[in-house]
2 protein chains.
Amino acid sequence: MDHNLTCPLYRQIYDQVKQLIVSGAYPAGTKLMPIRKLAEELTISRNTVEAAYLQLSSEGYISSRTGSGFTVESLYLSNPVIQLDENESSESFRLRLRQTALWGDGTDGAEASLAESAPKVSTLYDFTYGNLEDNSFPSQVWRKLTADVLMSEGSAKASYYTDSLGERGLRVQIANYLHIHAGVNCHPAQVVIQGGTQPSLLNLLTLFDPLRDVIAMEQPGYDGVFSVFKNNRFKLFPIPVYKSNDDFIEALYNSHARLAYVTPSNQFPTGKTLPLAIRQRLLRWANEENAYIIEDDYCREYRYNTGPLPSLQALDHNNRVIYMGTFSKALSPALRLNYLVLPPDLLFEWNRQFDCNYAGVPWLTQAVLEEYMKQGYWDKRLRKMQTVNKRKYTLLKSVLQERMGAKIDIRESGSGLHLLVGDLMQRRQSDLVDLARREGVLVYNTNRYWISSRHPMENYVLVGFSAIPECSIEPGIEALARAWYGL
Amino acid sequence: MDHNLTCPLYRQIYDQVKQLIVSGAYPAGTKLMPIRKLAEELTISRNTVEAAYLQLSSEGYISSRTGSGFTVESLYLSNPVIQLDENESSESFRLRLRQTALWGDGTDGAEASLAESAPKVSTLYDFTYGNLEDNSFPSQVWRKLTADVLMSEGSAKASYYTDSLGERGLRVQIANYLHIHAGVNCHPAQVVIQGGTQPSLLNLLTLFDPLRDVIAMEQPGYDGVFSVFKNNRFKLFPIPVYKSNDDFIEALYNSHARLAYVTPSNQFPTGKTLPLAIRQRLLRWANEENAYIIEDDYCREYRYNTGPLPSLQALDHNNRVIYMGTFSKALSPALRLNYLVLPPDLLFEWNRQFDCNYAGVPWLTQAVLEEYMKQGYWDKRLRKMQTVNKRKYTLLKSVLQERMGAKIDIRESGSGLHLLVGDLMQRRQSDLVDLARREGVLVYNTNRYWISSRHPMENYVLVGFSAIPECSIEPGIEALARAWYGL
């Protein structure tokens, strides 16, 4: 890198990376060094590196994928073979392979440093959150129901623009399910089918005004929702959930919020369950302040020791609650299907707003899911997933306690699909994630769920159990104990 | 209706409608009189009627569906039998059955008056726009491919949160298709899979600022897009497409817009094709003003007499064009799948913005469509649809000219899936729609495509041919000629 050449810096980077790609030194699938990192190493501005990468991207040499930085593309229009060449390092730019997030918010440092320090350990135990176990999707049943639906008379609908609120029959099924399993009192007409938490919130937000309406957001809280609010320029008021319940309610009153986003069944990520008395106070707040509550009941299905508390929606007599549910945690996150239960006045606004809109979810997905529910498969699936995850939860907790009980703090309330595990030695999560990685164990950063970079739970990592097979839990936690405490 | 009773007016309406429903006088599926209409008939405010309907809706007696007003619900949580009782009229409120839009923008008067004046004529010929012919969806192939995909190794993806930009393989297929059929120069990495025009624009708009960025919008133009811009509080600057091309370009320069939404292949609804020279001027404008152009190429597939012009994207050397395409017009509107081709800098912004987001379209839909394209079904389908629609277009135009040539003005440019037909007697479209309906012919209002209620094409209606079977075109137009001119 020569700062004194007449050729602009970005062009020098562009030329050299391009040369490495064209020569085959960087085959398809190679991950480029993150912009920030490369800028630091070359002591140049990020914009310069960005410009080079964008130029390469616009010409198709590389591409960026969410959460995994820039990757070298195949030079031909065909499915590239993704080859991760672990020895791929460049002398000229030291563009080494990294498993890093390019667009991270500063919380990706942990993974970045890990990839450098322990590039040769492959992952054996992935305690990720959100995904389900490999091949747990009911493919056979789905195939059969798809065939039935496509060969039925109803398949004429494939030629039409369909109802923007969703298929009537599916809404009936969901209303029934919610009535029985969540005590949610709603008419099918209030159930609006959507294509996931984020699109549904994006739509919902168009009924509110970013210049006027403040949103109260749990702190810590789900970053996927936080980003939707932020992208739409709403002012956010953090409501601490790591302090006392009184602090929680007091902060709500101080927020002057028009909307509050909460996860009462299983606060994400702390795992807390909001007590009944606080639910009542939350509803009182909404009623007094003329505010709405978004109750994200994303994980209601999983409650292992006690019965669930009534949902806020069930307790609400003043139409202040927007209930939100999903099929991602018990059926398939790749289905992209969730739903809102709107109070009547918002349903009215919604209809006015989306008058010209079409269905947000493919008709076929909806029609097959309707049959899946109607024919009892959903109930069976739910019971099975509840049983499996209860076993995994119980095992994970007992192994954690057995192996490292005296050295860790576990945050959970007998529900959900993850635990938070804190290190009593107060090491920072980046170090904990790093150490685990060296033993082939993936546990996850929780900094991303905090608005501020400093917070009282810096020594906690997320340990999920929805995706890891049951048989991997014990050896995985043994490896973690070795990694963290040399046990 | 007694204005002097102590019981509030809204409550009186509520009680009486409820009584009619509970008694069975209004069975499930009955459509209630639109709010505006009922308010007029009772000479009370719309808010009063609204309040009553909303109360009934919140209690589940009725529900509102986009575009079709309030409908009586089944009183049980099961699939209601939708019974349209044509004789359903109430003495007390004269809540007759109507086929009217409840949330219309004032352009629904036509249909409302029609339903009153000719309630007994059933529709024989529906020249609607957008939907495809009944049962034209390739159900057999789709069923087979779904089975293949679900039984393949790739089906593990059903258990994961998948790429927010879309499945890699589908993006490759689309990039290939665009390269061959639209001259669009893009790398698969620039293709972003989305769940329809509206969701994709809603996402795109989060990269812009409603307080600062003006959007230039064709006038007349597609109301479905217009409403997305409006709902997100962007200032709109109308660009006339019904005047000269110089006026068009001049308006663009006056707009100081940051974004321009255009439909150059087949301007919706006028059917005009933007000439090459004007495309170049449009691109020059974007480059000079540092603006972006949304090229909605929703109907590129259908061009009947000449080859297509190069897309704006193909002509653009400065990365100013956001190309948008869809599978709705040639495969299925119920698929809910479209795509954007983003220029590199916007792709960069998009990735930053949607870092935390998940796929906008179900994995299965994408995977099946990928196979559909890869195995050549899409090319075959396209050719078939082009052949069928060329025949329908040619027939429709020749029958229109033959039957009413001297009395009408046809606006089209040998492309798309509709014509605009103007009455040289200058009758207003509401009357034209009304008269047609009396003969069992549905043609469509175009007022909704205009921002202002007064405009120079008030005597034009939309006549679509994507959904009507070929054999119905001639008798349908004959009926229209009878209806309009007594021919």
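About the criteria used
Residues numbered from 1 in each chain as written. Chains lettered and ligands numbered in written order. Predicted model: local features only at pLDDT ≥ 70, side-chain atom pairs only at ≥ 80, totals over all residues. Heavy atoms only, no water. Least-squares fit on C-alpha atoms with pLDDT ≥ 70 in both. Contact = heavy atoms within 4.5 Å. Core = buried A, V, L, I, M, F, W, Y, C linked by side-chain atoms within 4.5 Å. Buried < 20%, exposed > 50% of the residue type's maximum accessible area, 1.4 Å probe, protein only. Helix = DSSP H or I, 4+ residues; strand = E, 2+ residues; numbered from the N terminus. Pairing = 2+ DSSP bridges. Right-handed = clockwise from strand over helix to strand, strands pointing away. Salt bridge = Lys/Arg side-chain N within 4 Å of Asp/Glu carboxyl O. Nonpolar A, V, L, I, M, F, W, Y, C, P; charged D, E, K, R; others polar. Polar contact = N/O pair within 3.5 Å; in protein donor to acceptor, adjacent residues only side chain to side chain. Axes fitted to C-alpha atoms, helices over the stretch in contact; angles between N-to-C directions. Parallel < 35°, antiparallel > 145°, perpendicular 65-115°, else oblique. Left-handed = near helix turned anticlockwise from the far one by under 90°. 1 Å grid on protein atoms, 1.4 Å probe; cavity = no way out; pocket = protein on both sides within 12 Å on 5 of 7 lines; lining within 4 Å. Points joined across faces, edges and corners; volume = space filled by probe spheres on them.

1. Thoughts on the relation of the copies chain A and chain B
After a rotation of 180° and a shift along the axis of 0.1 Å, chain A superposes on chain B with an RMSD of 0.2 Å. The transformation relating the two chain copies, once decomposed into turn and shift, fits a two-fold axis. Looking at chain A, 100% of its interface residues are interface residues in chain B too, so the copies touch through the same face.

2. Quick notes on the nonpolar core
One finds W484 of chain A together with W484 of chain B to be the most contacted residues of the largest nonpolar core, which totals 211 residues. Leaving out residues up to four positions away in the same chain, W484 of chain B has contacts with M404, I408, V421, R427, L432, L435, A436, V443 and V461 of chain B. Formed by 24 residues, the second largest nonpolar core is a distinct cluster that contains V17, L20, Y61 and I62 of chain B.

3. A look at the pairing of strand β7 (residues 259-262) of chain A
All names here are of chain A. On β7, burial covers both faces: L259 and Y261 on one face and A260 and V262 on the other are all buried. Sheet topology note: the strand β5 (residues 214-219)/β7 ladder contains three bridges and is parallel. For A216, the partnering residue across the bridge sits in β7 and is A260. Both β7 and strand β8 (residues 292-296) contribute to a ladder of four bridges, which runs parallel. Following the sheet pairing, V262 is matched in β8 by E295. You can see the chain leave β7, run along helix α10 (residues 276-289) and come back into β8, and the turn it takes is right-handed.

4. Here we look at the interface of chain A and chain B
With 95 residues of chain A in contact, the opposing surface of chain B contributes 95 residues. Taken together, the connections running from chain A to chain B amount to one salt bridge. Of the charged contacts, one joins D209 of chain A and R233 of chain B as a salt bridge, the two residues approaching to 4.0 Å between their closest N and O atoms. No other element matches helix α5 (residues 139-151) of chain A, which puts eight residues into the side of chain A that touches chain B. Of the residues assigned to the side of chain A that touches chain B, the class counts are 39 nonpolar, 38 polar and 18 charged.

5. Some remarks on the side chain of N131 of chain A
Of note, N131 of chain A is situated in the loop between β3 (125-126) and α5. The class of N131 of chain A is buried, set by a relative accessible area of 19%. Polar contacts involving the side chain of N131 of chain A include one to the main-chain amide nitrogen of Y161 of chain B, which spans 2.8 Å. Discounting residues that sit within four places of it in the chain, N131 of chain A has contacts with P333, S466 and A467 of chain A together with S159, Y160 and Y161 of chain B.

6. Description of the packing of helix α14 (residues 377-404) of chain B against helix α16 (residues 470-485) of chain B
Two measures define how a pair of helices packs: the angle their axes make with one another and the distance between the axes. Residue and element names in this part refer to chain B. Taken N-terminus to C-terminus, the directions of α14 and α16 make an angle of 25°; their axes are 10 Å apart at the nearest point. With respect to α16, the axis of α14 lies roughly parallel. In this structure, the crossing between α14 and α16 has a hand that is right-handed. Packed against α14, whose contacting residues are R391, K392, L395, L396, V399, L400, R403 and M404, the element α16 presents E470, I473, E474, I477, E478, L480, A481, W484 and Y485 at the interface. Counted by class, the contact of α14 with α16 contains 11 nonpolar, no polar and six charged residues.

7. Focus: the sheet that holds β5 of chain A
Residue and element names in this part refer to chain A. If you trace the seven strands from one edge of the open sheet to the other, you get β4-β10-β9-β8-β7-β5-β6, paired in mixed fashion. With partners counted over all chains shown, the strands left at the sheet margins are β4 (191-194) and β6 (235-240), one partner each. Ignoring strand direction, the axes of neighbouring strands in this sheet form an average angle of 20°.

8. Some words on empty space enclosed by the protein
Tallying each qualifying case throughout the model produces 10 cavities of 30 Å³ or more. Approximately 450 Å³ is the volume attributed to the largest cavity. Along its surface, the largest cavity is lined by 29 residues, and P199, L202 and N203 of chain A together with P199 and N203 of chain B are the ones closest to its centre. Among the secondary structure elements, those contributing two or more residues to the lining of the largest cavity are α7 (197-205) and α8 (223-231) of chain A together with α7 (197-205) of chain B.

9. Here we look at the environment of Y460 of chain A
Residue and element names in this part refer to chain A. Checked against the element boundaries, Y460 lands in strand β14 (residues 460-464). Spatially, the C-alpha atom of Y460 lies 43 Å from that of T146, the residues being 314 residues apart in sequence. If near-sequence neighbours (up to four positions away) are discounted, Y460 is found in contact with D409, R411, L420, V421, G422, Q429 and T446. Side chain to side chain, Y460 and D409 meet in a polar contact 2.3 Å long.

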